[in-house]
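One-letter residues, chain by chain:
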Amino acid sequence: MQEALAIEATGLEKSYGTLRVLDGVDLEVPRGSVLALLGPNGAGKTTTVRILATLARADAGRARVAGFDVVADRRQVRRHISLTGQYAAVDELQTGEENLRMMGRLAGLPGPAARRRAAELLARFDLTEAGPRPVKTWSGGMRRRLDLAAGLVGDPAVLFLDEPTTGLDLRSRQAVWQVVTGLAGSGVTVFLTTQYLEEADQLADRIVVLDGGRVVADGTPAELKEQVAGQRLDLELADAAAFDQVARRLDGRVVRSDPGRLTIGVATDGSAAQVRALLDEVDPARRAVDRFAVQRATLDDVFLALTGHPADRPDHEHEKEPAGV
């Protein structure tokens with residue numbers, strides 16, 4: 001089994017002073033798969049990536065990436081991975097082709113080989129036409145694709161993507177999603193952190209949810225949704241008093257709540273019998289509920305059920321670590 005794993009971590013612990021960031025994290029990522037690491041801000045996502053990418057050292061535990069120990073074989077790990085952060089790290093004054101050729105030379109490729117690799121990657125990421133233009137004239141989505149291409153110059157076995165589509169519009173994000181899907185299909189292992197839950201749903205073979213430095217869930221998107229609730233009954237309440245009344249009656253069964261919109265979601269199996277029973281239970285007088293709808297459970301429901309609050313959105317403050325780490 002170990003030979004089939006691109007990433008294996010056992011008992012990772014990390015603290016900064018009195019702040020415990022990771023508290024015994026275990027991970028297994030098969031080769032050629034996409035794993036999405038989710039969690040609220042401060043859950044330990046970035047710290048986990050930094051340890052696996054050899055940028056930080058765990059206080060306890062062990063990890064192997066691409067078959068090499070992240071401490072004992074640090075140089076070998078770095079030769080087999082690539083790390084792309086939240087924002088495109090490309091030289092805007094150079095052309096796209098020049099950026100990739102420069103990365104090729106830094107990776108040790110001879111001049112002709114660097115030119116060939118640059119041309120291959122521009123074609124692979126649908127950037128050939130833009131390649132001769134300065135990057136400062138490119139759109140944000142094109143720059144992000146160039147950044148991903150630059151990370152592949154050295155043909156890594158494992159690609160770490162730390163919130164790769166932050167700040168992009170939907171069309172640009174979807175273009176990046178296509179690229180990531182293609183990478184996994186070609187055998188590259190992708191380790192993704194994201195605050196876009198629909199991104200994890202679209203891309204990930206498996207999802208790991210961190211909360212408080214611990215793994216609180218691990219499974220396919222479908223398994224996690226089924227674990228929380230196969231489907232959800234959404235209730236739109238008549239007024240604030242009705243909202244409070246229904247919330248009290250449902251108590252711990254609520255999987256989604258929006259007081260501003262007077263809506264509450266509760267787990268259901270989707271059957272007519274259970275939906276009728278729930279409506280009779282929460283609104284016996286038939287005056288509290290204005291409208292209702294049955295929806296499939298989403299990763300938002302999973303996130304709320306596991307962490308106790310909705311997912312942070314990308315315009316919020318990102319997880320921070322102490323300076324100098």
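Asker: Before we move on, can you summarise the overall build of the protein with the specific residues and values?
Answerer: Within the protein, the regular secondary structure consists of 11 helices and 14 strands. Viewed in the frame of its principal axes, the protein has a C-alpha envelope of about 80 × 45 × 40 Å. Counting across all 325 residues of the protein, residues that qualify as buried make up 48%. Approximately 15,800 Å² of the protein is accessible, and the part contributed by carbon and sulfur atoms is 48%.

Asker: Tell me what's going on with the pattern of salt bridges, and back it up with residues and numbers.
Answerer: In this structure the tally under the stated criterion is 15 salt bridges. Across the pair Arg62 and Asp69 runs a salt bridge whose closest N-O atoms are separated by 3.1 Å. Taking the relative accessible area as the measure of exposure, Arg62 reaches 57% and is therefore exposed. On the basis of relative accessible area, Asp69 is assigned to the buried category, the value being 7%. Through salt bridges that share partners, Glu13, Arg20, Asp23 and Arg214 make up one connected network.

Asker: Pulling in residues and values, what's your account of helix 9 (residues 240-250)?
Answerer: Listed in full, the buried residues belonging to helix 9 are Ala242, Phe243, Val246 and Leu250. Considered in projection along helix 9, the buried side chains sweep an arc of 100° and stay on one side of the axis. For helix 9, the exposed residues set more than 90 degrees away from the buried face come down to Ala241 and Arg248. Residues of helix 9 that are buried sit in contact with strand 11 (231-237), strand 12 (254-258), strand 13 (263-268) and helix 10 (272-282). Measuring from the side-chain oxygen of the N-cap residue of helix 9 to the backbone nitrogen of Ala241 gives 3.2 Å; that N-cap residue is Asp239. Two residues or fewer after helix 9 comes Asp251, characterised by a positive phi angle close to 50°.

Asker: Could you give an account of the environment of Ala222, with specific residues and numbers?
Answerer: Residue placement: Ala222 occurs in helix 8 (residues 221-228). The class for Ala222 is exposed, based on a relative accessible area of 54%. Sequence spacing of Ala222 and Gly61 is 161 residues, and the spatial spacing of their C-alpha atoms is 30 Å.

Asker: Lay out the packing of aromatic side chains with the relevant residues and their values.
Answerer: The relation between two aromatic rings is expressed through the spacing of the ring centres and the mutual angle of the planes. Counted under the stated rule, the structure contains one aromatic pair. Between the aromatic rings of Phe160 and Phe191, the centroid separation amounts to 5.4 Å while the plane-to-plane angle is 55°, which identifies the pairing as tilted. Taken together, the residues Phe160 in strand 7 (residues 158-162) and Phe191 in strand 8 (residues 189-193) connect sequence positions 31 residues apart. With respect to class, Phe160 is no different from Phe191; both count as buried.

Asker: I'd love a proper account of the pairing of strand 11, names of residues and values included.
Answerer: Across the seven residues that make up strand 11, a large majority, five, are buried. Across six bridges, the pairing between strand 11 and strand 13 is antiparallel. Across the sheet, Asp234 pairs through a bridge with Gly265, a residue of strand 13. For strand 11 and strand 14 (residues 289-296), the ladder comprises seven bridges, and the chain directions are antiparallel. Pairing of Leu235 across the sheet is with Phe292, part of strand 14.

Asker: Please give an account of the confidence of the model for the protein that cites residues and values.
Answerer: Put simply, the protein has an average pLDDT of 86, and 91% of its residues get 70 or more. Taken element by element, the protein is modelled with least confidence in helix 11 (residues 299-307), mean pLDDT 73, and with most confidence in strand 4 (residues 60-65), mean pLDDT 97. In this model residues 315-325 is a low-confidence stretch, pLDDT under 50, and it forms 22 contacts with partners more than four residues away in sequence or in other chains.

Reading guide: rules and limits
- Residues numbered from 1 in each chain as written.
- Predicted model: local features only at pLDDT ≥ 70, side-chain atom pairs only at ≥ 80, totals over all residues.
- Heavy atoms only, no water.
- Helix = DSSP H or I, 4+ residues; strand = E, 2+ residues; numbered from the N terminus.
- Buried < 20%, exposed > 50% of the residue type's maximum accessible area, 1.4 Å probe, protein only.
- Areas by Shrake-Rupley, 256 points an atom, 1.4 Å probe, with all protein chains shown as cover.
- Salt bridge = Lys/Arg side-chain N within 4 Å of Asp/Glu carboxyl O.
- Arc of directions from axis to C-beta.
- Contact = heavy atoms within 4.5 Å.
- Polar contact = N/O pair within 3.5 Å; in protein donor to acceptor, adjacent residues only side chain to side chain.
- Phe/Tyr/Trp six-rings, centres within 6.5 Å; stacked < 30°, edge-to-face > 60°.
- Pairing = 2+ DSSP bridges.
- pLDDT = per-residue confidence, 0-100.

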